[in-house]
Amino acid sequence: MSGEGGLDASLSLRDAIRRAGAVLAAAGIAQAEGDARFLVLGLLGLSSRDLALDGHRPIGAEAPRLSEALARRVAGEPVARILGAWEFWGLPFALGPDTLVPRPDTETVVEAALAALPDRRAPLRILDLGTGSGCILVALLSELPNATGFGLDRSEAALHTARANAEANGVGGRACFVRGDWCAALRGPFDLVVSNPPYIAAAIIAGLDREVAEHDPRAALDGGADGLGAYRQILGALGQGGILAPGAPAILEIGYDQAESVRAIGVASGLRSTGLFQDLAGRDRALSFVH
């Protein structure tokens, strides 16, 4: 596809990025220039250095593929979905239809977990509930050289993606991925439990940005009628004992307005609330508990 909305084969890499940015801006896409750069370089497997050194060369036979990707972005598909991969904690992660796109906000969970561990070289056992792409667990294992991790998810397709990501990031030998529903049939104790559960109230999902509502897996978003269903299951199970080792932290991502509600669920389940953590925008993003 070339012409209006497309990219001509004669365009240089630099001009293709400029043209793509203009098309995205005209379509009302926020951060159009950045998205254009990510799309062109990402699809061609190029770095910023490649662009600096070889930005004059024509895109040639890649024009149809880049034009198709540009059309998908104009239609509202996120860049990460088009590329099929995204970065988290400085590591690359493949994506699948059953996995969320890793977001910078979720790095708050990793930061809080690492801050709660007194010895990063200890032989820790980590449990990641609703592992998705495996980004939280893999990031933690990359920082904890003697830890082993268990990623639990209801989706077999997500587990396949998570296994591949663990292998690709060099921690596959210390990671195990299991199909299951939250804490059911799990045997502890674990030295750390982490989770980014679904926490969007079901009724408002359709009104979210189309990049989320139309492209993220609903099962990874839908937290039930009030958005708190997964927290009741997770914190209720942790409060029964046997999963968390004595004094071990559980770190859960939350919605920006859910801190008090989730804290109350944890306390009612017999857990002690030990910390509230903010993301880079200063919004409440994670809570920690101990049994």
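About the thresholds
- Residues numbered from 1 in each chain as written.
- Predicted model: local features only at pLDDT ≥ 70, side-chain atom pairs only at ≥ 80, totals over all residues.
- Heavy atoms only, no water.
- Salt bridge = Lys/Arg side-chain N within 4 Å of Asp/Glu carboxyl O.
- Helix = DSSP H or I, 4+ residues; strand = E, 2+ residues; numbered from the N terminus.
- Buried < 20%, exposed > 50% of the residue type's maximum accessible area, 1.4 Å probe, protein only.
- Core = buried A, V, L, I, M, F, W, Y, C linked by side-chain atoms within 4.5 Å.
- Contact = heavy atoms within 4.5 Å.
- Pairing = 2+ DSSP bridges.
- Axes fitted to C-alpha atoms, helices over the stretch in contact; angles between N-to-C directions.

Participant: Explain the pattern of salt bridges here, please?
Facilitator: Charged atoms that come close allow side chains of opposite charge to pair. If you walk through the whole model with that rule in mind, you get 17 salt bridges. The closest approach of N and O atoms between arginine 283 and aspartate 105, which form a salt bridge, is 3.6 Å. Taken as a pair, arginine 283 in the loop between strand E8 (272–278) and strand E9 (284–290) and aspartate 105 in the loop between strand E2 (91–94) and helix H6 (107–116) lie far apart in primary sequence, 178 residues in all. Among the residues examined, aspartate 105 registers a relative accessible area of 23% and is labelled partly exposed.

Participant: Would you mind showing me how to read the nonpolar core here?
Facilitator: Looking at soluble globular proteins, one finds that nonpolar side chains tend to be buried together. If you look at the biggest cluster of nonpolar residues, it comprises 33 residues, and the most contacted ones within it are Leu129, Val193, Tyr231, Leu235, Leu238, Ile243 and Val262. Taken together, the elements giving at least two residues each to this core come down to strand E3 (125–129), helix H10 (229–239), strand E7 (250–253), helix H11 (259–268) and E9. In terms of residue count, H10 provides more of this core than any other element does, six residues in total. Setting aside anything within four residues of it in sequence, one finds leucine 129 in contact with Leu152, Trp182, Cys183, Leu186, Val193, Val194, Ser195, Asn196 and Ile234. Listed in part, the 32 residues of the second largest apolar core include Ile136, Ala166, Ala175 and Ala286.

Participant: Honestly, the sheet that holds E9 in this entry has me stumped. Any pointers?
Facilitator: Picture the strands of a sheet paired through backbone hydrogen bonds; they go either parallel or antiparallel. Ordered by their spatial adjacency, seven strands build an open sheet running E5-E4-E3-E6-E7-E9-E8, and the pairing between neighbours is mixed. This sheet does not close on itself; its edge strands, each paired only once, are strand E5 (175–179) and E8. Each strand of the sheet is rotated relative to its neighbour by a mean of 20 degrees, with strand direction disregarded. Relative to E9, E8 runs antiparallel, the two being bridged by six bridges. From the neighbouring strand, glutamine 278 faces E9, where its bridge partner is aspartate 284.

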